[in-house]
Amino acid sequence: MSAPNIETIVSLAKRRGFVFPSSEIYGGLGSAWDYGPLGVELCNNVKRAWWRWMVYERDDIEGIDSSIILNPLVWKYSGHEATFNDPLVDCKECKGRFRADKLQEEYEQNHPAEGLVIYGTGIVSFAKGVIKCPNCGKINWTDPRLFNMMFKTQLGATAAEEDVKDEGRVYLGGAAYLRPETAQGIFINFLNVQQSMRRKIPFGVAQVGKSFRNEITPGNFILRTREFEQMEMEYFVRPDAEHFKLVDYWVEQYLGWYTSLGLSRNNVDLYEVPEDKLAHYSRRTVDVMYRYFPERDEEARQWEELMGIAYRTDFDLKSHSNKPSHDDGTRANTDATEDLSYFDEAAKERFYPHVIEPAAGVNRSVLAFLMDAYSERTNDKGETRVILKLHPDLAPIKVAVLPLAKNKPEIVGMAKAIKRALQPVMRAVYDDTGGIGKLYARQDEIGTPFCVTVDHQSLEDVSVTVRDRDTWEQERVKVADLQQHLQTRLLK
Ligand code: GAP
């Protein structure tokens, strides 16, 4: 079983300290979310699991952590200033604002009999005369216009007279952007990493960090937000490598990673992005989709992108280099100080490496793991309990130590001592805020794999009860063996 819808997870997440609506005491901020005590642990565990898998367990990947605010020229030459746009339309009746391409896509899905509807406007095809406003149901749209999704910010205390004009664009004094993807920080450091780590192609560079996009229609909880985290890896290969096969290779790797950490294969699917929908840098992209909307009747509408694997060609390294020229011999990049080409010693050949990029979202991964882990079970009193069957590596808390009687100082003391002894090797908590049934239920609901109960007998035989989250089975274990016992079971 998995969660019946995202709302079930929103409610659990708030109730149990995973995710809270941001700035709630000031009325909130559209689609911004704060991660609570358990949410931050879960996010950290996802990122740690990814880093271990991607950087430590392979021999061909290095890690970096680049700045969020880069020189604005990075975004000029990456193509983001010119092309990182979403087409938006406004409803003139209710003033609702929407992404034209999404409305068009939905219209085409719901009206397959009409075939591919092309109502060209110059910017994007949008069936302006027939699509109804999802808010008010009327048909009275503005023309679609392009909206750049990068967040602008200001560096230092600069005055308006320091504004810079460049090719018709005005950079306000010190204007810069918050990065919309972590990838560019990797490309501009390609030579730094390759040379300092004495790497030969093929190798990859991984990065985890925040990205920012001024999304027109954020929503669906942490699925689409303006501030989010990415786990990206750029894999540099020869120009004559089998790029499409490498995309397939990374698709398989990621299917393996996500399912090994608990996603059911039934809730994961692949989507080959059609050529006319590819990003400006991509020649092939396969999206890994997750069934975030199981409640929707139509199977095709149940899926949304979890992550994507793109073949970016040599687009980025070339565009950030000072060498490549236009056909007329002039330099394409007149600002870069370096040439990011690579010299292959074995082949005695210089070239711009091509790139395969698996790009995953931390928040979308967290949501998928939460949804897939969600299950319900009825106890012998007929009460329905929620069990979050998170993989032990992802569970925010690995073990809860519970005293059977909180008014017995010896039992409380022993339970607290066991928690302290376990803490250096695994995240452990002590809890005595309810009866044992309530305490078990609370730990099941937040995904704690094991509860350890200290009872009267523990004082006699120095042993405790270990209760399994998924089976509710209990086992008596000597305190001296407890750490080893739990570690072995957590690794299974
Ligand atoms: N460097 C390539 C790149 O950024 P992308 O498909 O735009 O590709 C990669 O983003 C992943 O980042 C997505 O698959 C998704 O998991 C996550 N992501 C993108 N935009 C997001 C948003 N607004 N909110 C949450 N996650 C987002």
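Overview of the structure. (Residues numbered from 1 in each chain as written. Predicted model: local features only at pLDDT ≥ 70, side-chain atom pairs only at ≥ 80, totals over all residues. Heavy atoms only, no water.)

Our next topic: the overall build of the chain. In terms of regular secondary structure, the chain is built from 14 helices and 25 strands. Taken across its 492 residues, the chain has 51% of its residues classed as buried. A total accessible area of about 23600 Å² is found for the chain, and carbon and sulfur atoms account for 49% of it. Of the side-chain charges in the chain, 63 are positive and 74 negative, and the distance between the mean point of each set is 4 Å. (Helix = DSSP H or I, 4+ residues; strand = E, 2+ residues; numbered from the N terminus. Buried < 20%, exposed > 50% of the residue type's maximum accessible area, 1.4 Å probe, protein only. Areas by Shrake-Rupley, 256 points an atom, 1.4 Å probe, with all protein chains shown as cover. Lys, Arg positive; Asp, Glu negative; His and termini not counted. Charge placed at Lys NZ, Arg CZ, Asp CG, Glu CD.)

Mapped onto the secondary structure, Lys 416 falls in helix H11 (residues 409-422). Here the alpha-carbon distance between Lys 416 and Ile 64, two residues 352 residues apart in the chain, equals 39 Å.

Moving on, we come to the site of the ligand. Lining the immediate environment of the ligand, one finds 21 residues, of which Glu 181, Arg 213, Glu 215, Glu 232 and Glu 305 sit closest. The contact in question runs from a nitrogen atom of the ligand to an N or O atom on the side chain of Glu 215, over 2.8 Å. In this structure, a nitrogen atom belonging to the ligand sits 3.4 Å away from a side-chain N or O atom of Arg 312. With the chains in place, 91% of the 550 Å² that the ligand exposes on its own is no longer accessible. Of all the secondary-structure elements, those providing two or more residues to the shell around the ligand are strand E12 (227-237), strand E15 (304-313) and strand E18 (354-361). Broken down by element, the residue count for the shell around the ligand peaks at 5 residues, all from E15. Broken down by class, the residue content of the shell around the ligand amounts to 8 nonpolar, 4 polar and 9 charged. (Near = heavy atom within 4 Å. Polar contact = N/O pair within 3.5 Å; in protein donor to acceptor, adjacent residues only side chain to side chain. Nonpolar A, V, L, I, M, F, W, Y, C, P; charged D, E, K, R; others polar.)

Turning next to the sheet that holds strand E3 (residues 61-63). In space, the 7 strands of this open sheet follow the order E3-E11-E12-E18-E15-E14-E13, with mixed pairing throughout. Pairing within the sheet leaves two strands with one partner each, and these edge strands are E3 and strand E13 (268-272). Strand-to-strand, the axes of this sheet are offset by a mean angle of 20°, without reference to chain direction. Across 7 bridges, the pairing between strand E14 (residues 284-290) and E15 is antiparallel. (Pairing = 2+ DSSP bridges. Axes fitted to C-alpha atoms, helices over the stretch in contact; angles between N-to-C directions.)

It is worth spelling out the pattern of salt bridges at this point. Pairing between side chains becomes possible if they bear opposite charge and their charged atoms approach one another. This model, assessed by the stated rule, comprises 36 salt bridges. Linking Asp 461 and Arg 476 is a salt bridge whose minimum nitrogen-to-oxygen distance equals 3.8 Å. Remark: Arg 476 occurs in strand E25 (residues 474-478) and Asp 461 occurs in helix H13 (residues 456-461); sequence separation between them is 15 residues. By relative accessible area, Asp 461 is classed as partly exposed at 23%. Taken together, the shared-partner salt bridges in this structure form one network comprising Glu 181, Arg 312, Asp 316 and Glu 357. (Salt bridge = Lys/Arg side-chain N within 4 Å of Asp/Glu carboxyl O.)

In terms of residue burial, E15 counts as a mostly covered element, since 9 of its 10 residues are buried. In terms of strand pairing, E15 meets E18 through 6 bridges, oriented antiparallel. Paired with Tyr 311 across the two strands is Ile 356, which belongs to E18.

Pairing of strand E19 (residues 374-378) with strand E20 (residues 384-388) involves 5 bridges; the strand directions are antiparallel. Residue Ser 375 lies in a different strand from E20, and its bridge partner there is Ile 387. Following E19, the chain reverses through 5 residues before pairing antiparallel with E20; Gly 382 in that reversal takes a positive phi of roughly 85°.

For the rest of this paragraph, the subject is the environment of Asn 322. Structurally, Asn 322 can be placed in the loop between helix H9 (315-319) and strand E16 (342-344). With a relative accessible area of 18%, Asn 322 lands in the buried category. For the pair Asn 322 and Asp 339, spaced 17 residues apart in the sequence, the C-alpha separation amounts to 5.3 Å. Aside from chain neighbours lying at most four places away, what touches Asn 322 is Arg 331, Asn 333, Ala 336, Thr 337, Glu 338 and Asp 339. Looking at Asn 322, its side chain comes within polar contact range of the main-chain oxygen of Thr 337, at 3.4 Å. (Contact = heavy atoms within 4.5 Å.)

Scanning the entire structure with this criterion turns up 20 aromatic pairs. With a centroid separation of 5.0 Å and 90° between ring planes, the pair formed by Trp 53 and Tyr 254 is classed as edge-to-face. Residue Trp 53 is found in helix H2 (residues 37-56), and its partner Tyr 254 is found in helix H8 (residues 243-260); the two are separated by 201 residues along the sequence. Taking relative accessible area as the criterion, Tyr 254 reaches 0% and is therefore assigned buried. The ring of Tyr 281 is capped by Arg 312, whose NZ or CZ atom sits 3.5 Å from the centre of that ring. (Phe/Tyr/Trp six-rings, centres within 6.5 Å; stacked < 30°, edge-to-face > 60°. Lys NZ or Arg CZ within 6 Å of the ring centre and 35° of its normal.)

Take the sheet that holds strand E5 (residues 97-99) next. Read across the open sheet, the 3 strands follow the order E5-E4-E6; overall the sheet is antiparallel. Edge positions in the open sheet fall to E5 and strand E6 (145-148), since each of these has one partner strand only. Mean inter-strand twist for the sheet, computed between neighbouring axes without regard to direction, equals 45°. Two strands pair when backbone bridges link them, and strand E4 (residues 85-90) and E6 are joined in this way by 4 bridges, in the antiparallel orientation. The residue bridging Asn 85 from the neighbouring strand is Asn 148, located in E6. Contacting E4 and E5, helix H5 (residues 100-110) crosses the sheet at an angle of about 65° to E5.

For H11, with 14 residues, the first-to-last C-alpha span of 20 Å sits near the 20 Å given by 1.5 Å per residue. All of the buried residues in H11 are Ile 411, Val 412, Met 414, Ala 415, Ile 418 and Leu 422. Summarising the axial view, the buried residues of H11 lie within an arc of 165°, below the 170-degree limit, and thus occupy one face. In H11, the exposed positions angled more than 90 degrees off the buried face are occupied by Pro 409, Arg 420 and Ala 421. (Expected span 1.5 Å × (residues − 1). Arc of directions from axis to C-beta.)

This is a description of form; function is not addressed.
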